[in-house]
Each structure stands twice: as structure tokens, then as C-alpha cells.
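Structure at a glance
Now for the letters of each chain:
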Amino acid sequence: MNESSPVFLIDDDKDLLKATKQTLELAGFAVSAFPTAADALSALHASFAGVVVSDIRMPQMDGQRLFAHIKTFDADLPVILMTGHGDIPMAVQAIQNGVYDFIAKPFATDRLVQSVRRAAEKRRLVLENRALRQAAEQVQGDLPLIGQTPAIERLRHTLRQIADTDVDVLVTGETGSGKEVVASLLHRWSRRAKGNFVALNCGALPETVIESELFGHEPGAFTGAQKKRVGRIEHSSSGTLFLDEIESMPPAIQVQMLRVLEMREVTPLGTNEVRPVDLRVVAAAKVDLGDPGQRGDFREDLYYRLNVVTLSIPPLRERRDDIPLLFGYFAERAANRFKREVPAISVAVSRHLQQHDWPGNVRELSHFAERFVLGLEMAATSKPNEMPMTDARLPLPARVERYEAELIRETLSQNNGDVRRTIEALGIPRKTFYDKLQRHGIVRGDFAGFDGDERRSS
Ligand SMILES: Nc1ncnc2c1ncn2[C@@H]1O[C@H](COP(=O)(O)OP(=O)(O)OP(=O)(O)O)[C@@H](O)[C@H]1O
Ligand SMILES: [Mg+2]
């Protein structure tokens, strides 16, 4: 799992440097090799996400001095020193000073790889916990669009550039990726911030309702229209109109919308009156409207009209480096809300953060963070398709065991912890059931809902 962690490798012996680099690369690490400590030092920084592996004996700066330098800017950066036999006392001293590990040359490659792997895992935990604290500060400062990956930096930059222009914007992205966040930033960062941010979900309402919602109507415009109603387009004038799920906008409304976008005026139902509007439209879509295969019956001309600027938000799995920061932000927010401390991240949670696919994107991550703060993170990581149950590194019996435990947890959870129903669903004798609970360390009460009373059910 640390397979792509960076490793800085330093050795003045060119052949050894090459051989060790190869060994670590075969183990999957991203290795940068340096002939001197000074070279490595100039490329290192406090947020370096990996491990430093260095020879001790080198001319100019030796391994220990390198370590001393590193300690000045990041005392948690794991440094592994390699040393010849004669240097053992020196190495012991180094360990006492806080060096992560030392390895006597010549070494078995496995010894080195294992050590680097452990060090990389530790490094990751340190950085994640740091991100938690960093996020705590951001929560105070209320930074709305979290993320430091190039994709998000670029997005933020573009948002700043176009927010205060009147250009219409199409925002695309999977569910939960932040389309509404982007739309509301476009509003807040513009001169329109004083006006209304008016949102309409085009997928949630029937055609006739959308029509009168958007355009408004006069009394008596249609059956049931008793009072005059100002449409959302007019209501958003000098503010921002957010059309969510634009791909579901009924075709008849699309035609009218196109007209509104071109003319910048609106005619309420039941009138002939034309009212000019100071309009800025931000539309959001989950599909790529530029692709005829995905567009469905969405009008091409409306697409081109909206497509003056398109901002596409990449799914979370394509910007994984933002996960720790986002997670920290949501955990901190949840902790404030629930009046709890943010717990330290366990290895299991860390794995989940790194390995899960996040189909629900940032929204899913925020829910995960809330469960984490509430101490429910094991339940969260142990949904059958999220546990590495098919982990081929485990022997078969262990995998079967794990699967069994998962099934039991899941069935308990589905039945709110009701023993009788769980046993029925699993089709096993009561005694076997209790034996298995004990063996897997499952506590029935963890699954009890309001109707899951042990006494009543047994
Ligand atoms: N970059 C981000 N920084 C902070 N919070 C974010 C970020 N992206 C998304 N969120 C949060 O994640 C949740 C989902 O975001 P949002 O509602 O904007 O997604 P969406 O793309 O509109 O999803 P849907 O298509 O399902 O409507 C919200 O609570 C939002 O505040
Ligand atoms: Mg949305």
C-alpha cells in the first residue's frame, strides 16, 4: 500500500546506489538517488511524503549530519541509515537520537524493503494527522473550497478570474463532487453577492411546475394560479440563478430558457409583458453534455449557449491527495458540531481513506468523517465491498473467517441487532451464533436500534 511512496536514497558508492535504487524500485517505491547528502537536502522539505535512506559514511556531509539537518525542519521525517559493520556503535547512538532504523551492510534486500515500508506507513500517518490539525485551523478561517491538488488550485484560480464577470457557467462533475460549492462561490465572489442566489433543481419538478417557477405568473394564468408569483429568473435578477441537474430540464423549457439566455428578458405566464433581467446563470450537470451519447434530449444549441465557460470538477478518486485535507476538515467540523474530540487516525481508517474509490465523492467522504468522529468508523470500513476481504495476501481460511464475520455484522445491522431475526436470516443454531460472536469479537449491542431489545427477542 505504500508502494508509490517516494524514497530519497543517498550513497557515495555509485554501484551500491544503483543496486539499492533498483531493489527499492522493484518493491514499488519511487526512488530518487543522490550521490551526496547536500544534493538530497536541497530537494527535501517538511511535507516530503516519504522516507530518507542514507549511507552513513560519506565524504563532506555524512549520514548523521544529514539527519541532524533534517531534524531541524521535520523531526518526524523517517531516516534510515545504512552502515558497515564497524559503525555499529555509531548507529546505536543515531537510533537514540531518533533515526528511524539502521541497517548493517551487506543487508538482505528484504530487510531494507520491510523497514522502508514500515517507515513509509508511519510517515503517512504523521502527515495525515498533521492535515487534521491543519484543517482545524482552516475550519476557523472558513475556507469553502478545500483542496491543494493542481486540479483544485486551477479551479480556484479560474473561479476567481470569472466570478465577477457576467459570463454564464456550466459546472460538470459526478454526484457529491462540489458543483453546488462552485456555483455558490461564483456568486459570493462576484458583485452579485448582494443579490439572491436562487437555485432550481430541474430534475425534481414536473414540467408545468418548473415553467411557473422559472418564469412566474399572473393571477389566473392557469388553473390554481390564484396569486401573482415572481419567477425565479426575475428573483435572481442582479444575483445568480443556479440551474441544477440541467440535463433533466424538460425539452419545452429548454427552448424557453434558450430565449431567456439570449434576450436577457422574461415574460411571466399569463402576460405579454417583457421584463428585462440582469441575469447570471450557473448550470450544473452530472453528465458530459458535449457528448451526444450522454446528452440525451438536451438541446445542442442550449448546450453551446451555456458552454461559454465549463468548469469540470474531477472525481475525488482522481485527486486523492486532497483526501487527507478534506477528511480533516470534515472531521474537525463534525467534532465542533457533536462536541467531541477528533480521534487519532488508525491504520484501518487510513487504509480506507487511501484505498476506497469514493463513488459518492466529497459528500461520501464527509459522511465517513462524521462517523469517524462518532467512533463508528469500523462499521463504516466494514461494509462487505469496502473491506479488503478478497485480499489475496491472506491465506484462504483467514479470508473465509473475515467474510463470515462480515456477513454476521451485516445481518445484525440489517436486523437492528435483533438476535432472533439474525439467527433466522443466517440459518444457524443459536449456540453456533453466540460462539461465532465471541470468536469474531462482535458485540451485538453495537447493532441494536430502538427496536433491537435482547430480552424481548430471545
Ligand atoms: N472542495 C470542497 N471543499 C469543501 N467541501 C466540499 C468540497 N466539495 C464538496 N464539498 C462538500 O461536499 C458536499 C457535496 O458537495 P455539492 O453539494 O457541491 O456536490 P454536487 O456536485 O452538487 O453533488 P450532486 O450532484 O449530488 O448535487 C457538500 O456538503 C459540500 O459542502
Ligand atoms: Mg448538487
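A brief report on the enclosed structure follows. (Residues numbered from 1 in each chain as written. Chains lettered and ligands numbered in written order. Predicted model: local features only at pLDDT ≥ 70, side-chain atom pairs only at ≥ 80, totals over all residues. Heavy atoms only, no water.)

**Here we look at the sheet that holds strand β5 (residues 101-104)**
- Strand order across the open sheet formed by five strands is β2-β1-β3-β4-β5, with parallel pairing between neighbours. Of all the strands in the sheet, just β2 (30-34) and β5 have a single pairing partner and so form its edges. Ignoring which end each strand starts from, the neighbouring axes of this sheet average 20° apart.
- Direction of pairing for strand β1 (residues 6-10) relative to β2: parallel, over a ladder of five bridges. Note on β2: the bridge partner recorded for Val7 is Val31.
- Contacts from helix α3 (residues 63-73) reach β1, β3 (51-55) and β4 (79-83) within the one sheet, and its direction differs from that of β3 by about 155°.
- On the sheet, helix α4 (residues 88-97) packs against β4 and β5 and is oriented at approximately 165° with respect to β5. (Pairing = 2+ DSSP bridges. Helix = DSSP H or I, 4+ residues; strand = E, 2+ residues; numbered from the N terminus. Axes fitted to C-alpha atoms, helices over the stretch in contact; angles between N-to-C directions. Contact = heavy atoms within 4.5 Å.)

**Concerning the packing of helix α14 (residues 347-355) against helix α15 (residues 361-373)**
- α15 packs onto α14 with a crossing angle of 175° between their chain directions and a minimal axis gap of 12 Å. In terms of orientation, α14 and α15 fall into the roughly antiparallel class. The residues of α15 that touch α14, namely those facing Val349, His352 and Leu353, are Leu365, Phe368 and Phe372.
- Of the residues assigned to the contact of α14 with α15, the class counts are five nonpolar, one polar and no charged. (Parallel < 35°, antiparallel > 145°, perpendicular 65-115°, else oblique. Nonpolar A, V, L, I, M, F, W, Y, C, P; charged D, E, K, R; others polar.)

**Structural notes on the pairing of strand β13 (residues 281-285)**
- Among the five residues in β13, five count as buried, and that is most of the element.
- Of the two faces of β13, the one carrying Val281, Ala283 and Ala285 and the one carrying Val282 and Ala284 are both buried.
- Here strand β10 (residues 240-244) runs beside β13; their pairing, made up of three bridges, is parallel. Considered in β13, the bridge of Leu243 is made with Ala283. (Buried < 20%, exposed > 50% of the residue type's maximum accessible area, 1.4 Å probe, protein only.)

**Details of the pattern of salt bridges**
- Here the structure, examined in full by the defined rule, presents 31 salt bridges.
- The partner of Arg421 in a salt bridge is Asp418, with the nearest N and O atoms 3.5 Å apart.
- Overall, the relative accessible area of 30% leaves Arg421 in the partly exposed class.
- Overall, Asp418 belongs to the buried group, its relative accessible area being 2%.
- Through salt bridges with shared partners, a single network forms among Glu218, Lys228, Glu234, Glu273 and Arg275. (Salt bridge = Lys/Arg side-chain N within 4 Å of Asp/Glu carboxyl O.)

**Here's the deal with the pairing of strand β6 (residues 169-172)**
- What you see with β6 is no split at all: Val169 and Val171 on one side and Leu170 and Thr172 on the other are buried throughout.
- Bridge count between β6 and β13: four bridges; the pairing is parallel. Counterpart to Thr172 in the pairing with β13 is Ala285.
- Alignment of β6 against strand β14 (residues 309-312), held across four bridges, turns out to be parallel. Along β14, the bridge assignment pairs Val171 with Leu311.

**Description of helix α8 (residues 207-215)**
- Residues Ile210, Ser212, Glu213, Leu214 and Phe215 constitute the buried set of α8.
- In the segment just after α8, Gly216 is the residue with positive phi, at about 80°.

**Notes on the nonpolar core**
- By size, the foremost hydrophobic cluster in this structure holds 28 residues, and its most contacted members are Leu214, Ile233, Leu241, Leu243, Ile246, Met249 and Met257.
- When residues of this core are assigned to their parent elements, the largest contribution, five residues, is made by helix α10 (residues 251-263).
- If we ignore the near neighbours within four places in the chain, the residues touching Leu241 are Val198, Leu214, Arg232, Ile233, Ser236, Met257, Leu279, Arg280, Val281 and Val282.
- Counting 23 residues, the second largest nonpolar core, distinct from the first, contains Leu125, Leu325, Ala335 and Leu353. (Core = buried A, V, L, I, M, F, W, Y, C linked by side-chain atoms within 4.5 Å.)

**Thoughts on the packing of helix α18 (residues 419-426) against helix α19 (residues 430-440)**
- Contact pair α18 / α19: the axes reach a minimum separation of 10 Å and the direction vectors enclose 100°. The angle between α18 and α19 falls in the class roughly perpendicular. Together, Val419, Thr422, Ile423 and Leu426 of α18 and Arg430, Phe433 and Tyr434 of α19 make up the contact between the two elements.
- Considering only residue class, the contact of α18 with α19 consists of five nonpolar, one polar and one charged.

**Topic: the site of ligand 1**
- Surveying the vicinity of ligand 1 reveals 16 residues, the closest of which are Ile146, Thr175, Gly176, Lys179 and Arg363.
- Residue Gly178 places a main-chain N or O atom 3.1 Å away from an oxygen atom belonging to ligand 1.
- Within the side chain of Lys179, a nitrogen or oxygen atom sits 2.6 Å from an oxygen atom of ligand 1.
- Contact with the protein chains hides 84% of the accessible area of ligand 1, taken as 630 Å² for the molecule alone.
- When contributions to the shell around ligand 1 are tallied by element, the ones reaching two or more residues are α7 (179-188), α13 (323-338) and α15.
- When residues of the shell around ligand 1 are assigned to their parent elements, the largest contribution, three residues, is made by α7.
- Looking at the shell around ligand 1, its residues break down into seven nonpolar, four polar and five charged.
- Counting only domains with at least three residues in the shell around ligand 1, you end up with domain 2 (150-313) and domain 3 (319-381). (Near = heavy atom within 4 Å. Polar contact = N/O pair within 3.5 Å; in protein donor to acceptor, adjacent residues only side chain to side chain. Areas by Shrake-Rupley, 256 points an atom, 1.4 Å probe, with all protein chains shown as cover. Domains from an automatic or database assignment.)

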